[in-house]
Amino acid sequence: MIRRLVAAPCLALVLVAGGCSLSLQDVPLPALVEGPTYEIEAVFDSALNLPVDSPVKINGATIGQVTSIRVEDYRAHVRMKIIEAQPVPGGSRAEIRLTSPMGTAFVELVEGGGEPLAPGAVIEAADTVRAPDVADLLSSLSVVVTGGSFADMKTIIDELNIALDGNSGNVKQLLRRLDSVLTGLNDRTALFDATLVRIDALSSQLARDTPALMEAVDQITPAVQVLSGQRDELNALLAAVGPLAESSADLIDATRDDLVAALEAAKPVVDVLAGSQETLTRSFHGLIAFGTKTDDASPGDFSNFDLTFLLDADALNPLAGQTRPTNPEVEDTEEPPGLPGLPALDDLLDRLLTLGGGA
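Cut-off values and rules
Residues numbered from 1 in each chain as written. Predicted model: local features only at pLDDT ≥ 70, side-chain atom pairs only at ≥ 80, totals over all residues. Heavy atoms only, no water. Helix = DSSP H or I, 4+ residues; strand = E, 2+ residues; numbered from the N terminus. pLDDT = per-residue confidence, 0-100. Contact = heavy atoms within 4.5 Å. Buried < 20%, exposed > 50% of the residue type's maximum accessible area, 1.4 Å probe, protein only. Pairing = 2+ DSSP bridges. Expected span 1.5 Å × (residues − 1).

**So, the environment of Glu 115**
Okay, so step 1: By the element assignment, Glu 115 lies in the loop between β6 (105-110) and β7 (122-123).
Okay, so step 2: Taking the C-alpha atoms as reference, Glu 115 lies 9.3 Å from Pro 87; in sequence the two are 28 residues apart.

**Digging into the confidence of the model for the protein chain**
Okay, so step 1: Summing up the model confidence of the protein chain, the mean pLDDT is 76 and the portion of residues at 70 or higher is 70%.
Okay, so step 2: This stretch, residues 332-345, has a pLDDT under 50; its non-local contacts, to residues over four places away or in other chains, come to 13 contacts.
Okay, so step 3: This stretch, residues 355-359, has a pLDDT under 50; its non-local contacts, to residues over four places away or in other chains, come to two contacts.

**Overview of the pairing of strand β1 (residues 37-44)**
Okay, so step 1: For β1, the buried fraction is high: six of the eight residues fall into the buried class.
Okay, so step 2: Here β1 runs beside strand β4 (residues 75-83); their pairing, made up of eight bridges, is antiparallel. Across the sheet, the residue bridging to Ile 40 is Met 80, located in β4.
Okay, so step 3: As paired elements, β1 and β7 share two bridges and run parallel to each other. Pairing of Glu 41 across the sheet is with Val 122, part of β7.

**Remarks on helix α9 (residues 277-297)**
Okay, so step 1: A rise of 1.5 Å per residue sets the reference length of α9, with its 21 residues, at 30 Å; its end C-alpha atoms lie 30 Å apart and thus fit the reference within 8%.
Okay, so step 2: Among the 21 residues of α9, zero are classified as buried, and the element is accordingly described as predominantly exposed.

**Looking at the sheet that holds β1**
Okay, so step 1: Spatially, the eight strands line up as an open sheet ordered β7-β1-β4-β3-β2-β6-β5-β8, and their pairing is mixed. Of all the strands in the sheet, the pair left with one neighbour each is β7 and β8 (128-130).
Okay, so step 2: Here strand β2 (residues 55-58) runs beside β6; their pairing, made up of two bridges, is parallel. Among the inter-strand pairings, Val 56 is bridged to a residue of β6, identified as Val 107.

**Focus on unusual backbone geometry**
Okay, so step 1: Positive phi outside glycine occurs at Asp 53, with the angle close to 75°.
Okay, so step 2: By the element assignment, Asp 53 lies in the loop between β1 and β2.
Okay, so step 3: On the basis of relative accessible area, Asp 53 is assigned to the partly exposed category, the value being 34%.
Okay, so step 4: Positioned with a positive phi, Asp 73 is a non-glycine residue whose angle comes to about 55°.
Okay, so step 5: Mapped onto the secondary structure, Asp 73 falls in the loop between β3 (61-72) and β4.
Okay, so step 6: According to the relative accessible area criterion, Asp 73 is exposed, its value standing at 64%.

What follows is the structure in structure tokens.
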């Protein structure tokens, strides 16, 4: 009687402290096992309707309870605590069963013949199974009553017969084309493999060059921003370039023949210049050397020097000592072919003397 009088004020105190939110769900369930325990885990393909705190049994005796259930990789990982006085043999299987057709679910461990499982051991999904429940029974019963998948298959076959009625030729042609396409793809398997290998190499190279690409993007960003700010000016420039291109095309069409003729006429001159390249190069080098030495010799504004010409009349006359050509293919001319006419020697001497020098 005294215990009841003491318990009543305690219960009232708990109700007052909890307020109106206190319910039966907040009252913890009593533990199914007592004393030292260790934990193991079992992986199930489905742990539907298995509540936390469900009992864990071996041969009908409760040796533990479920502590938590989590989902990972589309599978249920059931954590259980087992009393140390009842070790679970290695190789044991775990099954989710029902206490009755409408009862609660629990975990049944079927003993194996190995060494006891260590704390933290995991029973893999290959060694677990879920026993059929009432939902499975009703589903099977519906198959028997309504026909289930067999009725669906019959409907599918009937619809296929309706679709193929009168279209068998088109269907055969389609199948032949599909066979041809698949055969061609199969023949190019090596090409596909090589392409994938190259794509993989390209992807690897891009992955290695990612820092450089990011740096390039960072550096080009200001230029892109400037171009974006000058978009209107660029569009106006492009609009102005269009008429210029049209005028240039018309001009080229109108002067095409003249340009071609001018290029053909310039060809001999270019050939002569190309043939005289070495001679011109030596002459230009001599002029450069002469100018450099002249600058060194006369650092002022001008310089005086005497220039003496030693002229040999026989050397200036291109016909002196020259015999008539003996090659029958060359025409006999008064002057050697390819040499222009030279002024008279006396006239040349008079022009040289007028330069102020002496000869």
